[in-house]
Amino acid sequence: MTQQERTALLLINQRSRKGRIEASRAQSLLTQAGFTLLQPAGDETRSYSDLIAAYADRVEVVIVGGGDGTLNAAAPGLMQSGLPLGILPLGTANDFARTLGIPATLEQAVKIIADGYLRAVDLGEVNKHLFLNVSSIGFSAELARNLTAESKKRWGVGGYALAALRLLRQSRPFSATLVHQGQRTPVKTVQVSVGNGRFYGGGMTVEARAAPDDGLLDVYSLELKHSWQLIALLPFLRRGTHGRWRNVRAFSATALTIETRRPHYINADGEIIGQTPARFRLLARALRVYAPDDSAAK
């Protein structure tokens, strides 16, 4: 049943891959679906979380148009306000939308919000910063540092591949210690990733069975001797079956600390948020999101 006469705060990232192009059509479709839209002024400089706090007592839902970085920026405000989130996947990779089964088509994404089925999902936290998809140290963090907004907008998901190939030549394994359930495990690794959702990095899979509401963080460490071995591992990373490889350490956790011999950058949903040590924890059912009602298809 379509929700009628609902007031929504609409936040569209005009710098996202399709944000500026689709903004007007998104407004029209949402209005047709029965939403009364409130939007900040074009010259607004407050963060998405501050805007959500400012509008919280005037709206019933927050609708965010953009990619994973945009959703990440809104997450603290959504958690604090308790308002439900509607997603318009207008970014480059849209991995969180994909995890939830939200189609890339704007009309279908609006219909899912209008249908009103809410799914409570977990969030990850690293050093007090939230993440929806994945946080990582090593190769993909360096990739995030090297991937410019311009290349993402110009090349889309292909921008990840171009930047990865350039970085592959200079990447080296590093020493780290995984602290989990009172145990300290030293590793030599190319990358350590801690995932909340299923997808990240433009279609990579954290773990084949991962879900954003399973109450677990999925951890993997790529303990490869040479960075070029990532090329052979790539098909398995896309399917989420890399944990079966002998040189890949994989396990689930609700809390974890990663220490490194020298500081390494931490990537959270494509944004660099600081350096190691990295302290992770799971925030169970921290966010309500409009998503497809899978039970309706059964």
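Keep in mind it's a predicted model, so treat the numbers as computed, not measured. (Residues numbered from 1 in each chain as written. Predicted model: local features only at pLDDT ≥ 70, side-chain atom pairs only at ≥ 80, totals over all residues. Heavy atoms only, no water.)

(A) Representation of the side chain of asparagine 267 in the model. With respect to the helices, strands and loops of the structure, asparagine 267 is situated in strand 16 (residues 265–268). Residue classification places asparagine 267 among the buried positions, given a relative accessible area of 7%. From its side chain, asparagine 267 meets the backbone nitrogen of glycine 270 in a polar contact 2.8 Å long. Side-chain polar atoms of asparagine 267 contact the backbone nitrogen of glutamate 271, separated by 3.2 Å. (Helix = DSSP H or I, 4+ residues; strand = E, 2+ residues; numbered from the N terminus. Buried < 20%, exposed > 50% of the residue type's maximum accessible area, 1.4 Å probe, protein only. Polar contact = N/O pair within 3.5 Å; in protein donor to acceptor, adjacent residues only side chain to side chain.)

(B) Representation of the packing of aromatic side chains in the model. This model, assessed by the stated rule, comprises one aromatic pair. Ring centres of phenylalanine 131 and phenylalanine 280 lie 6.2 Å apart, and the angle between their planes is 85°; on these two criteria the pair is classed as edge-to-face. Taken together, the positions of phenylalanine 131 in strand 6 (residues 129–131) and phenylalanine 280 in strand 18 (residues 278–290) put the pair 149 residues apart, joining distant regions of the chain. Taking the relative accessible area as the measure of exposure, phenylalanine 131 reaches 0% and is therefore buried. Residue class for phenylalanine 280 comes out buried when judged on its relative accessible area of 4%. (Phe/Tyr/Trp six-rings, centres within 6.5 Å; stacked < 30°, edge-to-face > 60°.)

(C) Layout of helix 1 (residues 19–32). Taking 1.5 Å as the rise per residue, helix 1 with 14 residues should run 20 Å; its terminal C-alpha atoms sit 19 Å apart, in good agreement. Largest kink in helix 1: about 30°, centred on arginine 25. Regarding helix 1, the residues found buried are Gly19, Glu22, Ala23, Ala26, Leu29 and Leu30. Buried residues belonging to helix 1 abut strand 1 (6–12), strand 2 (35–38), strand 3 (61–66), strand 4 (85–89) and helix 5 (106–115). Taken from the residues just after helix 1, glycine 34 is the one with a positive phi, measuring 105°. (Expected span 1.5 Å × (residues − 1). Bend = angle between axes of the 7 residues up to and from the residue. Contact = heavy atoms within 4.5 Å.)

(D) Highlighting the confidence of the model for the protein chain. In the predicted model, the protein chain carries a mean pLDDT of 85, and 80% of its residues have values of at least 70. Counted against residues more than four places away or in other chains, residues 150–159, with its pLDDT under 50, gives 19 contacts. (pLDDT = per-residue confidence, 0-100.)

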